[in-house]
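Coordinates in review
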Amino acid sequence: MRAVLLGGGLALLISLLGTRVAITQFTRMGYGQEIRDDGPTSHHTKRGTPTMGGVVIIAATVLGYFAAKLITTSEPSASALLLLFLFVGMGLVGFLDDFIKISKQRSLGLRSKAKMVGQTVIALVFGFLALSPWLEDDRGRTPASHSISFIRDFASFALPTVVVLALIWLIVTATSNAVNLTDGLDGLATGASVMVFGAYTLVNIWQNNQSCEISPGATCYEVRDPLDLAVIAAAITGACFGFLWWNASPAQIFMGDTGSLALGSALAGFAILTRTELLLIILGGVFVVETLSVMLQVGWFRISGGKRIFRMAPIHHHFEMLGWEQVTVVIRFWIVTGLCVAAGLGIFYAEWVAGI
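Residues numbered from 1 in each chain as written. Predicted model: local features only at pLDDT ≥ 70, side-chain atom pairs only at ≥ 80, totals over all residues. Heavy atoms only, no water.

**Things to note about the state of the cysteines**
This model, assessed by the stated rule, comprises 1 disulfide. Across the disulfide, Cys 212 is cross-linked to Cys 220 (sulfur-sulfur distance 1.9 Å). Here the S-S torsion is close to 80°, and the disulfide linking Cys 212 with Cys 220 is therefore right-handed. Of the two residues, Cys 212 and Cys 220, both sit in the buried class. Unpaired in terms of disulfides, Cys 240 finds its nearest cysteine sulfur in Cys 340, a separation of 17 Å. What makes Cys 240 buried here is its relative accessible area of 0%. Classification of Cys 340 as buried rests on a relative accessible area of 17%. (Disulfide = S-S within 2.5 Å. Buried < 20%, exposed > 50% of the residue type's maximum accessible area, 1.4 Å probe, protein only.)

**With respect to helix 10 (residues 285–304)**
Between its terminal C-alpha atoms helix 10 stretches 28 Å, which fits the 28 Å expected from 20 residues at 1.5 Å a residue. Three or more residues of helix 10 are buried, namely Gly 285, Val 286, Phe 287, Glu 290, Thr 291, Ser 293, Val 294 and Gln 297. On its buried side, helix 10 packs onto helix 5 (161–182), helix 6 (188–209), helix 8 (256–273), helix 9 (279–283), helix 11 (315–321) and helix 12 (326–354). Backbone geometry just after helix 10 places Gly 305 at a positive phi near 75°. (Helix = DSSP H or I, 4+ residues; strand = E, 2+ residues; numbered from the N terminus. Expected span 1.5 Å × (residues − 1). Contact = heavy atoms within 4.5 Å.)

**So, the environment of Phe 128**
Considering the arrangement of structural elements, one finds Phe 128 in helix 4 (residues 112–131). For Phe 128, a relative accessible area of 46% corresponds to the partly exposed category. Spatially, the C-alpha atoms of Phe 128 and Gly 355 are 32 Å apart, while their sequence positions differ by 227 residues. Ignoring any residue separated from it by four or fewer positions in sequence, one finds Phe 128 in contact with Trp 134 and Leu 165.

**Brief notes about the pattern of salt bridges**
Tallied over the full model, the rule gives 12 salt bridges. One salt bridge in this structure joins Asp 97 and Lys 101, with 3.4 Å as the shortest N-O distance. Of the two residues, Asp 97 and Lys 101 both sit in helix 3 (residues 78–104), 4 residues apart, roughly one turn of that helix. Residue Asp 97 shares its accessibility class with Lys 101, and that shared class is buried. With a closest N to O distance of 3.1 Å, Glu 222 and Arg 141 form a salt bridge. Remark: Arg 141 occurs in the loop between helix 4 and helix 5 and Glu 222 occurs in the loop between helix 6 and helix 7 (226–247); sequence separation between them is 81 residues. Each of Asp 137, Arg 139, Arg 141, Glu 213 and Glu 222 takes part in salt bridges that share partners, so that together they form one network. (Salt bridge = Lys/Arg side-chain N within 4 Å of Asp/Glu carboxyl O.)

**Notes on helix 6**
Helix length check: helix 6, at 22 residues, gives a terminal C-alpha distance of 32 Å against a target of 32 Å (1.5 Å per residue), a fit within 8%. A large share of helix 6 lies buried, amounting to 17 of its 22 residues.

**Overview of the layout of surface pockets**
In this structure, the second largest pocket occupies an estimated 690 Å³ of space. Every residue lining the second largest pocket is counted, 29 residues in all, and those nearest its centre are Leu 170, Ile 171, Ala 174, Thr 175 and Ile 281. Counting residues per element, the ones that place at least two in the lining of the second largest pocket are helix 5, helix 8, helix 9 and helix 10. Tallying contributions element by element places helix 5 first for the lining of the second largest pocket, with 11 residues. Of the residues contributing to the lining of the second largest pocket, the split by class is 21 nonpolar, 7 polar and 1 charged. (1 Å grid on protein atoms, 1.4 Å probe; cavity = no way out; pocket = protein on both sides within 12 Å on 5 of 7 lines; lining within 4 Å. Points joined across faces, edges and corners; volume = space filled by probe spheres on them. Nonpolar A, V, L, I, M, F, W, Y, C, P; charged D, E, K, R; others polar.)

**Quick word on the nonpolar core**
Inside soluble globular proteins, nonpolar side chains tend to come together where they are buried. The biggest cluster of nonpolar side chains holds 80 residues, and the ones touching the most others in it are Tyr 200, Ile 236, Leu 263 and Phe 270. Considering every element that reaches this core, the biggest residue donor is helix 7, with 12 residues. Once residues lying within four places of it in the same chain are set aside, the contact partners of Phe 270 are Leu 83, Phe 197, Tyr 200, Asn 204, Leu 229, Ile 232, Ala 233, Ile 236 and Thr 276. Within the second largest apolar cluster, 9 residues are counted, among which are Val 286, Ile 315, Phe 319 and Val 329. (Core = buried A, V, L, I, M, F, W, Y, C linked by side-chain atoms within 4.5 Å.)

**Side note on the environment of Tyr 31**
With respect to the secondary-structure elements, Tyr 31 resides in the loop between helix 1 (2–29) and helix 2 (54–71). A relative accessible area of 18% means that Tyr 31 is categorised as buried. For the pair formed by Tyr 31 and Phe 99, sequence separation is 68 residues and the distance between their alpha carbons is 8.3 Å. Contact partners of Tyr 31, with chain neighbours within four places excluded, come to Phe 26, Thr 49, Pro 50, Thr 51, Met 52, Phe 99 and Ile 102.

The structure is reproduced here in structure tokens:
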């Protein structure tokens, strides 16, 4: 438990101070954000704001985690290292995207096919290792399972490895892109991420306390390394908190694709490694709605021959176009995220209580 508190606290401190340094350095180097010409006109004033702040979130998380492990003299677990691989690897894909935007001075970075290739490679390597018997613990548990899960695995059937890898790819790419789509207003994605990662900190701590090794029984959790995953969840929560200080409206820095792809993939990783894949749909309800709004807008536009459902997608831009202030949109989306997290945690706990 000390490691959880240390990881979160150290990541918060590193992010809070490191983001201030990043703002100064990125401004000096000219790493400014390019703004879409077809976006809301109110966003044009943001052109030139430093971007790639996700580098700080990633660095603060990694440093906070390993510092906590060093201080508590405990070894990193296979599950934690796998999650960090996914987190950093997807952040690297986002970094390349951001760097191309900056160097080419355009609002589009990596071509969509190139970005998808990068996301696919990282997701499949993560999935392969998470299912590998090489990473079994002394109870024969691998970091990921061959079953679909909600609060825990549906143990009645196991899926073929190829199918599970396809599902892992889908979850990772969908969630990373969902957070990327949500990252369109000052502090929106960062604040929402704080709440969802905070929820996963609690989920992992509870799964550790009720693990089948500590409390065997019908309601125990067969999850590998839950307490170590809680350290990473706390570290990401702290890193996002520190970054939000500078990313809140008016934002002095943006996380860019570097941060949004990394955070989205980490959410997917937690869902897979904690056996709560379908629960993520509830916990991350705002990210789901943002993605669905884009899918509906694009689909209806093509079917109807140019008609639109929303004034602009993702949906947070729709409310901007209706005249809502950006801060109002962000705070109300945070409220919705809080309700989704409360509902998700309530369902998680109620399932355990009902099984007693």
